[in-house]
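# Structure assessment
The residues making up each chain are set out below.
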Amino acid sequence: LTTLHELTATALRAVGFEPERRTYKPHITLARLGGAADPAILEAFERQPFGDAGHEFACRRFALFESVTAPEGAQYRIIASYPLTGLA
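Residues numbered from 1 in each chain as written. Predicted model: local features only at pLDDT ≥ 70, side-chain atom pairs only at ≥ 80, totals over all residues. Heavy atoms only, no water.

Looking now at the overall build of the protein chain. Of regular secondary structure, the protein chain possesses 2 helices and 2 strands. Secondary structure of the protein chain in N-to-C order comes out as α-α-β-β. The buried share of the protein chain, taken over its 88 residues, is 5%. For the protein chain, the share of sequence-separated contacts (at least 6 apart) that also reach a separation of at least 24 residues comes to 25%. By element, 56% of the accessible surface of the protein chain is carried by carbon and sulfur atoms, the whole surface being about 8,100 Å². (Helix = DSSP H or I, 4+ residues; strand = E, 2+ residues; numbered from the N terminus. Buried < 20%, exposed > 50% of the residue type's maximum accessible area, 1.4 Å probe, protein only. Contact = heavy atoms within 4.5 Å. Areas by Shrake-Rupley, 256 points an atom, 1.4 Å probe, with all protein chains shown as cover.)

Here you go:
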């Protein structure tokens, strides 16, 4: 994620965008549940064996999402998907 962030920042600078000044904190959002989510769904999610945080895993693609806030909650749509090859 750090390499991807650095490459993205470099590409943005090249076309005139100034990257954010905040320190980058790599993370992956596994789920986003609003306050109105069914408690049974939240409990089932929390029981999933995701393993220990901090371990490496293989990621072969990443996607750029658009989020649109709607009364029923955020709606997400994939704008583009990219293979991750030759980054490291």
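Together, Leu1, Tyr24 and Ile28 make up a nonpolar patch on the protein surface, roughly 270 Å² of accessible area in all. Relative to the helices and strands, leucine 1 is located in the segment before helix H1 (2-14). What makes leucine 1 partly exposed here is its relative accessible area of 48%. (Patch = residues over 30% accessible without salt bridge, like charges linked within 9 Å, V, L, I, M, F, W, Y side chains within 5 Å. Salt bridge = Lys/Arg side-chain N within 4 Å of Asp/Glu carboxyl O.)

Moving on, we come to H1. Each α-helix turn comprises 3.6 residues. Residues three or four places apart therefore point the same way. With 13 residues, H1 extends 18 Å from end C-alpha to end C-alpha; this agrees with the ideal 18 Å at 1.5 Å per step. In the stretch just after H1, glycine 16 is the one whose phi turns positive, near 95 degrees. (Expected span 1.5 Å × (residues − 1).)

Pairing between strand E1 (residues 61-70) and strand E2 (residues 73-83): 10 bridges, direction antiparallel. Bridged to phenylalanine 65 within E2 is isoleucine 78. Hairpin connection between E1 and E2: a loop of 2 residues separates the two successive antiparallel strands. (Pairing = 2+ DSSP bridges.)

Per the counting criterion, the structure on display carries 2 salt bridges. Of the charged contacts, one joins arginine 22 and glutamate 20 as a salt bridge, the two residues approaching to 2.3 Å between their closest N and O atoms. On the basis of relative accessible area, arginine 22 is assigned to the exposed category, the value being 64%. Residue glutamate 20 is classed as exposed on the basis of its relative accessible area, which comes to 57%.

Once that is clear, we can look at the confidence of the model for the protein chain. Scored by pLDDT, the protein chain comes out at a mean of 81, with 83% of its residues at no less than 70. The element-level mean pLDDT for the protein chain is lowest in helix H2 (residues 39-46), coming to 82, with H1 highest at 89. (pLDDT = per-residue confidence, 0-100.)

What follows deals with the environment of proline 26. Its place among the elements puts proline 26 in the loop between H1 and H2. Take proline 26: its relative accessible area is 43%, and that puts it in the partly exposed class. Considering only alpha carbons, one finds proline 26 and threonine 2, 24 residues apart in sequence, at a separation of 6.5 Å. Excluding its chain neighbours within four sequence positions, the residues that come into contact with proline 26 are Leu1 and Thr2.

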